[in-house]
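Letter by letter, the chains look like this.
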Amino acid sequence: MSKIHSDQPGRLKSWILAIAAIVLWVLAASYSAEAQVPAFVVAQALGPEAARQSEPVPAPDPVRLVASHMAEQFESQLVAGVSRPSVELEVHFDFDSAEIHEESSAQIEATAMMLNDHFPDTRFRVAGYTDAVGSERYNQQLSERRAGAVWQQLVDEHGVTADRLEKVGYGENDPETASSDAQRRRVELQIVRSGEGF
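Residues numbered from 1 in each chain as written. Predicted model: local features only at pLDDT ≥ 70, side-chain atom pairs only at ≥ 80, totals over all residues. Heavy atoms only, no water.

Colleague: Break down the overall build of the protein for me, citing the residues and quoting the values.
Modeller: Assigned secondary structure in the protein consists of seven helices and four strands. Starting at the N terminus and walking to the C terminus, you meet the elements of the protein as α-α-α-α-β-α-β-α-β-α-β. When the accessible surface of the protein is totalled, it reaches about 12000 Å², and 56% of it is carbon and sulfur. (Helix = DSSP H or I, 4+ residues; strand = E, 2+ residues; numbered from the N terminus. Areas by Shrake-Rupley, 256 points an atom, 1.4 Å probe, with all protein chains shown as cover.)

Here you go:
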C-alpha cells in the first residue's frame, strides 16, 4: 500500500510537467511557425514507444489557417446563394487615415494566400466603408483611400494580379443601414459576380 501512495506524487509531477510543457509549446508556437511538440510531451501523452516512433509535429501556420477559414466562409456563402459573398477583413487604420497598421499585415497576407490558392480565377472587390462622422464627401474619399491601400498591398507585396481585383469606396453608404459606427468602419473582400464591376 505504501508503494501505491509513494508512486502517485511522481505521476502527478510527470503530468504537471507535461501540462506545463504543452502550455509553453503553445506559447512558443504562437510566436514561431517552426515550433514543434517536444518528444517528452509526446512520451507523456502517448507513451515512450510512441515518442520514439513519432515525427516532430510542426505548429500550424496561422496565416494559412486564416486563409483556409476565409475560403470556407466564401464557399459556404456561394453554396447558400448569397447575392454578394463577402468577408470582413481585420485591417485596422488610425482615425482619419488610410495607413494600414502593421498588425494587419498577417490578415492581408492571408487574404492574398486565399485569393491565389483557393480562388485563382475569381474576381474580387476590396470595398471600403466609413462611419457617418464627417462630411459625406470626405467619408467617400477616405473609404476609397482605405480600399486602395489594401488593394495596393495585395497587388504590390503579395502578387495578386491587379486585373482580377478592383477597389471601391462606399463611404458611409452601408448596405447594412442598421450597423453601428464601429461596424461601418471596415474593409470587406467581396466576390464580383459576372455582369457586375470591372
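Colleague: Mind laying out helix 5 (residues 105-118), listing which residues take part and the relevant values?
Modeller: Taking 1.5 Å of rise per residue, 14 residues should cover 20 Å, and helix 5 covers 19 Å from first to last C-alpha, within 8% of that figure. Taken together, the buried positions of helix 5 are Gln 107, Ile 108, Ala 110, Thr 111, Ala 112, Met 113, Met 114 and Leu 115. Looking at the packing, one finds that the buried side of helix 5 touches helix 4 (62-80), strand 1 (86-89), strand 2 (124-129), helix 6 (136-156), strand 3 (165-169) and strand 4 (186-191). (Expected span 1.5 Å × (residues − 1). Buried < 20%, exposed > 50% of the residue type's maximum accessible area, 1.4 Å probe, protein only. Contact = heavy atoms within 4.5 Å.)

Colleague: Help me get a handle on the nonpolar core, residues and values and all.
Modeller: With 30 residues, the main nonpolar core has Met 114, Val 150, Leu 154, Leu 165 and Leu 189 as its most contacted residues. Among the secondary structure elements, those contributing two or more residues to this core are helix 4, strand 1, helix 5, strand 2, helix 6 and strand 4. Once you skip the residues sitting within four places of it in the chain, Leu 154 turns out to touch Ile 108, Thr 111, Ala 112, Leu 115, Val 126, Gly 159, Val 160 and Leu 165. (Core = buried A, V, L, I, M, F, W, Y, C linked by side-chain atoms within 4.5 Å.)

Colleague: Give me the lowdown on the layout of surface pockets, citing residues and values where you can.
Modeller: In this structure, the largest pocket encloses a volume near 330 Å³. In terms of lining residues, the largest pocket is bounded by 21 residues, among which Phe 93, Asp 94, Arg 146, Arg 185 and Arg 186 are the most central. Taken together, the elements giving at least two residues each to the lining of the largest pocket come down to strand 1, helix 6 and strand 4. Of all the elements, helix 6 adds the most residues to the lining of the largest pocket, at four residues. Within the lining of the largest pocket, the residues separate by chemical class into nine nonpolar, four polar and eight charged. (1 Å grid on protein atoms, 1.4 Å probe; cavity = no way out; pocket = protein on both sides within 12 Å on 5 of 7 lines; lining within 4 Å. Points joined across faces, edges and corners; volume = space filled by probe spheres on them. Nonpolar A, V, L, I, M, F, W, Y, C, P; charged D, E, K, R; others polar.)

Colleague: Before we move on, can you summarise the sheet that holds strand 4 with the specific residues and values?
Modeller: With mixed pairing, the four strands of this open sheet are ordered in space as 1-4-2-3. Edge positions in the sheet fall to strand 1 and strand 3, since each of these pairs with one other strand and no more. Across the sheet, the axes of successive neighbouring strands diverge by a mean angle of 25°, strand direction being ignored. Sheet analysis places strand 2 next to strand 4, joined by six bridges and oriented antiparallel. By the bridge assignment for strand 4, Arg 125 is matched with Gln 190. In the packing of helix 4 onto the sheet, contacts are made with strand 1, strand 2 and strand 4, and the angle to strand 1 comes to roughly 150°. Along the sheet, helix 6 contacts strand 1, strand 2, strand 3 and strand 4; its crossing angle with strand 3, the most-contacted strand, is approximately 160°. (Pairing = 2+ DSSP bridges. Axes fitted to C-alpha atoms, helices over the stretch in contact; angles between N-to-C directions.)

Colleague: If you had to explain helix 4 to someone new, which residues and values would you point to?
Modeller: Helical geometry note: an α-helix holds 3.6 residues per turn, so side chains three or four residues apart project in the same direction. In this model, helix 4 (19 residues) spans 27 Å end to end at C-alpha, consistent with the 27 Å of a helix rising 1.5 Å per residue. Taken together, the buried positions of helix 4 are Val 63, Ala 67, Met 70, Ala 71, Phe 74 and Gln 77. Taken end-on, helix 4 shows its buried residues confined to a sector of 125°, consistent with a single buried face. The exposed residues of helix 4 that point more than 90 degrees off its buried face are Leu 65, Val 79 and Ala 80. Along its buried surface, helix 4 packs onto strand 1, helix 5, strand 2 and strand 4. Sitting at the amino-terminal end of helix 4 is Asp 61, which places a side-chain oxygen 3.2 Å from the backbone nitrogen of Val 63. In the segment just after helix 4, Gly 81 is the residue with positive phi, at about 80°. (Arc of directions from axis to C-beta. Polar contact = N/O pair within 3.5 Å; in protein donor to acceptor, adjacent residues only side chain to side chain.)

Colleague: So, the environment of Pro 62: which residues are in play, and what are the values?
Modeller: Inspection of the secondary structure puts Pro 62 in helix 4. With 45 residues separating them in the primary sequence, Pro 62 and Gln 107 have C-alpha atoms 9.8 Å apart.

Colleague: Can you tell me about the packing of aromatic side chains, naming the residues and giving the values?
Modeller: The full count for this structure, using the stated rule, is four aromatic pairs. Ring centres of Phe 74 and Phe 119 lie 6.0 Å apart, and the angle between their planes is 75°; this geometry places the pair in the edge-to-face category. You can see Phe 74 sitting in helix 4 and its partner Phe 119 sitting in the loop between helix 5 and strand 2, a full 45 residues away along the chain. For the pair shown, Phe 74 and Phe 119 are each scored as buried. Ring geometry for Phe 119 against Phe 124: centres 5.8 Å apart, planes inclined by 75°, an arrangement best described as edge-to-face. Given the relative accessible area of 0%, Phe 124 is considered buried. Three or more aromatic residues joined by ring pairs form one cluster here, namely Phe 74, Phe 119 and Phe 124. (Phe/Tyr/Trp six-rings, centres within 6.5 Å; stacked < 30°, edge-to-face > 60°.)

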